[in-house]
Amino acid sequence: MTWLVILVWVAAVGFSGFWLARVGLSLTKKSQRLIKAAEPLAANVAELARVAQAVTSYEAKPDNLQDSPVEHLKAVREQRKARERRALDRQRRLIDRLKP
């Protein structure tokens, strides 16, 4: 009876060792594929880190609060006239297209 128990335990330990080795091998293969897939990402991260460390200088555009509103109103009027002119041209083209 004791030899049978010892044999069962040896078989259980042997099978569990085999199973753990199989799972470990599977994890090793998957981790190698993961490392190969992460290499391009690591290069991108390194490039982003280099860009993030670069010193940048930003100067905001000066505001135009002190400018004369007359100039801006002229620009707005010109834009409005151009928009109306384009609308009239479009109407003229549509009317010309409908003529027999």
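Please read all numbers here as calculations on a predicted model, not as lab measurements. (Residues numbered from 1 in each chain as written. Predicted model: local features only at pLDDT ≥ 70, side-chain atom pairs only at ≥ 80, totals over all residues. Heavy atoms only, no water.)

1. Topic: the overall build of the chain
Here's step 1: Check the secondary structure of the chain and you find two helices and zero strands.
Here's step 2: Rg of the C-alpha trace for the chain: 39 Å, well past the compact-globule value of 13 Å for 100 residues, more than 25% over.
Here's step 3: Summarising its shape, the C-alpha atoms of the chain cover approximately 105 × 55 × 20 Å along the three principal directions.
Here's step 4: Residue burial in the chain is summarised as follows: out of 100 residues, 1% are buried.
Here's step 5: As displayed, the chain has an accessible area near 10,200 Å², and 64% of this comes from carbon and sulfur atoms.
Here's step 6: Between the mean site of the 19 positive side-chain charges and the mean site of the 10 negative ones, the chain shows a separation of 13 Å. (Helix = DSSP H or I, 4+ residues; strand = E, 2+ residues; numbered from the N terminus. Rg over C-alpha atoms; globule rule 2.2 N^0.38 Å. Buried < 20%, exposed > 50% of the residue type's maximum accessible area, 1.4 Å probe, protein only. Areas by Shrake-Rupley, 256 points an atom, 1.4 Å probe, with all protein chains shown as cover. Lys, Arg positive; Asp, Glu negative; His and termini not counted. Charge placed at Lys NZ, Arg CZ, Asp CG, Glu CD.)

2. Focus on the pattern of salt bridges
Here's step 1: Summed over the entire model, instances satisfying the criterion amount to three salt bridges.
Here's step 2: Its salt-bridge partner being glutamate 47, residue arginine 50 comes within 2.4 Å of it at the nearest N-O pair. Placement of both arginine 50 and glutamate 47 in helix α1 (residues 2-53) is noted, with a separation of three residues, approximately one turn of the helix.
Here's step 3: Lysine 99 is the salt-bridge partner of aspartate 96, the closest N and O atoms lying 3.9 Å from each other.
Here's step 4: Each of Arg92, Asp96 and Lys99 takes part in salt bridges that share partners, so that together they form one network. (Salt bridge = Lys/Arg side-chain N within 4 Å of Asp/Glu carboxyl O.)

3. Details of a nonpolar patch on the surface
Here's step 1: Residues Phe15, Phe18, Trp19, Val23 and Leu27 make up a contiguous nonpolar surface patch of roughly 530 Å² in combined accessible area.
Here's step 2: Within the fold, phenylalanine 18 resides in helix α1. (Patch = residues over 30% accessible without salt bridge, like charges linked within 9 Å, V, L, I, M, F, W, Y side chains within 5 Å.)

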